[in-house]
Amino acid sequence: MKKADRITSIVIMGLSVYGYIYSNNLRGDAGLLPKIIFSAIFLGALALLANSFSKKPDEKVEKVLWKKWFVAVGGAILYVVFMNILGFYFASLLYLAATMYYFGVRSKKTLILTPVIFDLAIWLCFSLMLGIRLPAPFFL
């Protein structure tokens, strides 16, 4: 498990550094919250990395499901790519529904309502309340 924690923490730290750097491109104060979030994610991953070197034994050792781990990371990378093509809202709908289905959610109601409610909440908060534009589809 310690090896998996080390690999996971390094990948997460790399992605959080990328996100932090990418948030420098946002206009005005729009990049402040992403920078705070990516910094917190980096610190959490750093703590996980440090904890992976501790000498105390793991309380519960589980088999690492590498296939699921690679699918989750690959899905997140595809999400970022498709966000720039399809726009934030549509890419989020697809990503959330696909990820939930892959990890075992089979209720059609949950698979539809959760991504829709998530997108509506993000739209209300960012577009209406804060006036922040999220990535739009390339065809708009």
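Below, the structure is looked at part by part. Note that the structure is predicted; figures quoted are calculated from it, not measured. (Residues numbered from 1 in each chain as written. Predicted model: local features only at pLDDT ≥ 70, side-chain atom pairs only at ≥ 80, totals over all residues. Heavy atoms only, no water.)

## Observations concerning the overall build of the chain
What the chain contains, in helices and strands, is five helices and zero strands. Of the regular secondary structure in the chain, the N- to C-terminal order runs α-α-α-α-α. Along the longest, intermediate and shortest principal axes, the C-alpha atoms of the chain span 55 × 40 × 25 Å. By the burial criterion, 18% of the 140 residues in the chain qualify as buried. Within the chain, residue pairs in contact and separated by at least 24 positions form 64% of the contacts whose partners lie at least 6 positions apart. Counting every atom, the chain has about 10,200 Å² of accessible surface; 73% of that belongs to carbon and sulfur. (Helix = DSSP H or I, 4+ residues; strand = E, 2+ residues; numbered from the N terminus. Buried < 20%, exposed > 50% of the residue type's maximum accessible area, 1.4 Å probe, protein only. Contact = heavy atoms within 4.5 Å. Areas by Shrake-Rupley, 256 points an atom, 1.4 Å probe, with all protein chains shown as cover.)

## Thoughts on helix α5 (residues 108-130)
If you check α5, its first and last C-alpha atoms are 32 Å apart, about what 23 residues at 1.5 Å a residue would give, namely 33 Å. Every buried residue belonging to α5 is among Leu111, Pro115, Asp119 and Ile122, and all of these are buried. On its buried side, α5 packs onto α4 (88-102). Just beyond α5, the residue with positive phi is glycine 131, at close to 70 degrees. (Expected span 1.5 Å × (residues − 1).)

## Here's the deal with a nonpolar patch on the surface
There is a patch of nonpolar side chains on the surface, built from Ile77, Leu78, Val81, Phe82, Ile85, Phe138, Phe139 and Leu140 and spanning about 860 Å² of accessible area. Along the chain, the position of phenylalanine 138 falls in the segment after α5. With a relative accessible area of 62%, phenylalanine 138 lands in the exposed category. (Patch = residues over 30% accessible without salt bridge, like charges linked within 9 Å, V, L, I, M, F, W, Y side chains within 5 Å. Salt bridge = Lys/Arg side-chain N within 4 Å of Asp/Glu carboxyl O.)

## Observations regarding the packing of aromatic side chains
Taken as a whole and assessed by the stated rule, the structure comprises seven aromatic pairs. When the ring of tryptophan 66 is compared with that of tryptophan 69, the centres are 5.8 Å apart and the planes differ by 75 degrees; the resulting orientation is edge-to-face. Residue tryptophan 66 and its partner tryptophan 69 are located together in helix α3 (residues 66-86), separated by three residues, close to a single helical turn. Look at tryptophan 66 and you get partly exposed, because its relative accessible area is 32%. A centroid spacing of 4.6 Å and a plane angle of 20 degrees characterise the contact between tyrosine 79 and tyrosine 95, whose relative ring orientation is stacked. In this pair, tyrosine 79 is assigned in helix α3 and tyrosine 95 in helix α4, connecting sequence segments 16 residues apart. With a relative accessible area of 25%, tyrosine 95 lands in the partly exposed category. The lysine or arginine in question, arginine 6, covers the ring of phenylalanine 53, its NZ or CZ lying 4.1 Å from the ring centre. Above the face of the tyrosine 20 ring, lysine 35 is positioned so that its terminal group lies 5.8 Å from the ring centre. (Phe/Tyr/Trp six-rings, centres within 6.5 Å; stacked < 30°, edge-to-face > 60°. Lys NZ or Arg CZ within 6 Å of the ring centre and 35° of its normal.)

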